[in-house]
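Per-entry structural report
Chain residues, written in single-letter form:
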Amino acid sequence: MIYVYALSSIHHNYIYVGMTENLEERFHRHNTGRERTTKPYLPYKIIYQEACLDRSSARKREKYWKSGVGKEQLRTIRDTL
């Protein structure tokens with residue numbers, strides 16, 4: 001399984017979308033500053049996740065969530081949590 005996920009910075013207006021095979025380990029890497037892209041906006045919470053059967057379908061979903069419409073939906077999800 002490949003997981004597509006979205007993280008929201010707790011202290012900044014920043015949402016990160018990615019995909020991984022091991023969501024728990026990847027989330028830990030983001031929150032401990034081991035990922036250059038997300039390090040400046042620590043700490044994070046997971047606001048969305050979905051499981052995909054293969055890398056191709058996961059990539060399509062990741063691209064959707066990174067699009068304008070997808071990011072707007074993620075902001076709505078974040079604001080309701």
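Residues numbered from 1 in each chain as written. Predicted model: local features only at pLDDT ≥ 70, side-chain atom pairs only at ≥ 80, totals over all residues. Heavy atoms only, no water.

1. Side note on the packing of aromatic side chains
This is how it is decided: Ring geometry is summarised as follows: Phe, Tyr and Trp rings, the Trp one being its six-membered ring, pair when their centres sit within 6.5 Å, and such pairs are stacked at plane angles under 30 degrees, edge-to-face over 60 and tilted between the two. For helices the rule is a DSSP run of H or I covering at least 4 residues; for strands it is a run of E covering at least 2, with both sets numbered from the N terminus onward. We call a residue buried when its accessible area falls under 20% of the maximum for its residue type, exposed when it is over 50%, and partly exposed in between, using a 1.4 Å probe and counting protein chains only.
Taken as a whole and assessed by the stated rule, the structure comprises five aromatic pairs. Relative to Trp65, the ring of Tyr48 has its centre 4.5 Å away and its plane inclined at 50°; by these criteria the two rings are tilted. With Tyr48 in strand β3 (residues 44–52) and Trp65 in helix α2 (residues 55–66), the pair connects residues that are 17 residues apart, well separated along the chain. Of the two residues, Tyr48 and Trp65, neither departs from the other in class, the shared state being buried. Taking 5.1 Å as the distance between ring centres and 70° as the angle between the ring planes, the aromatic pair formed by Tyr64 and Trp65 counts as edge-to-face. The class of Tyr64 is partly exposed, set by a relative accessible area of 27%.

2. Quick look at the nonpolar core
Heads up, the condition is: What we call a nonpolar core is a set of buried Ala, Val, Leu, Ile, Met, Phe, Trp, Tyr and Cys residues that are connected through their side-chain atoms within 4.5 Å.
Among the nonpolar cores identified, the biggest contains twelve residues, and these are Ile2, Val4, Ala6, Ile15, Val17, Met19, Ile47, Tyr48, Cys52, Ala58, Trp65 and Leu74. Looking at this core, the elements that each hand over two or more residues are β1 (2–9), β2 (15–20), β3 and α2. With six residues, the next largest nonpolar core counts Leu7, Tyr16, Leu23 and Tyr44 among its residues.

3. A few points about helix α3 (residues 68–80)
Going by this rule: For a helix, the expected span equals 1.5 Å multiplied by the number of residues minus one. When we speak of the arc, we mean the arc of directions from the helix axis to the C-beta atoms. The contact criterion used throughout is that any non-hydrogen atoms of two residues lie within 4.5 Å.
Compared with the 18 Å implied by 1.5 Å per residue over 13 residues, the 19 Å span of α3 between its first and last C-alpha is a close match. Those residues of α3 that sit buried are Gly70, Leu74 and Arg78. Axial view of α3: buried residues confined to an arc of 80°, hence all on one face. In α3, the exposed positions that point more than 90 degrees away from the buried face belong to Gly68, Val69, Asp79 and Thr80. Buried-residue contacts for α3 involve β1, β2, β3 and α2.

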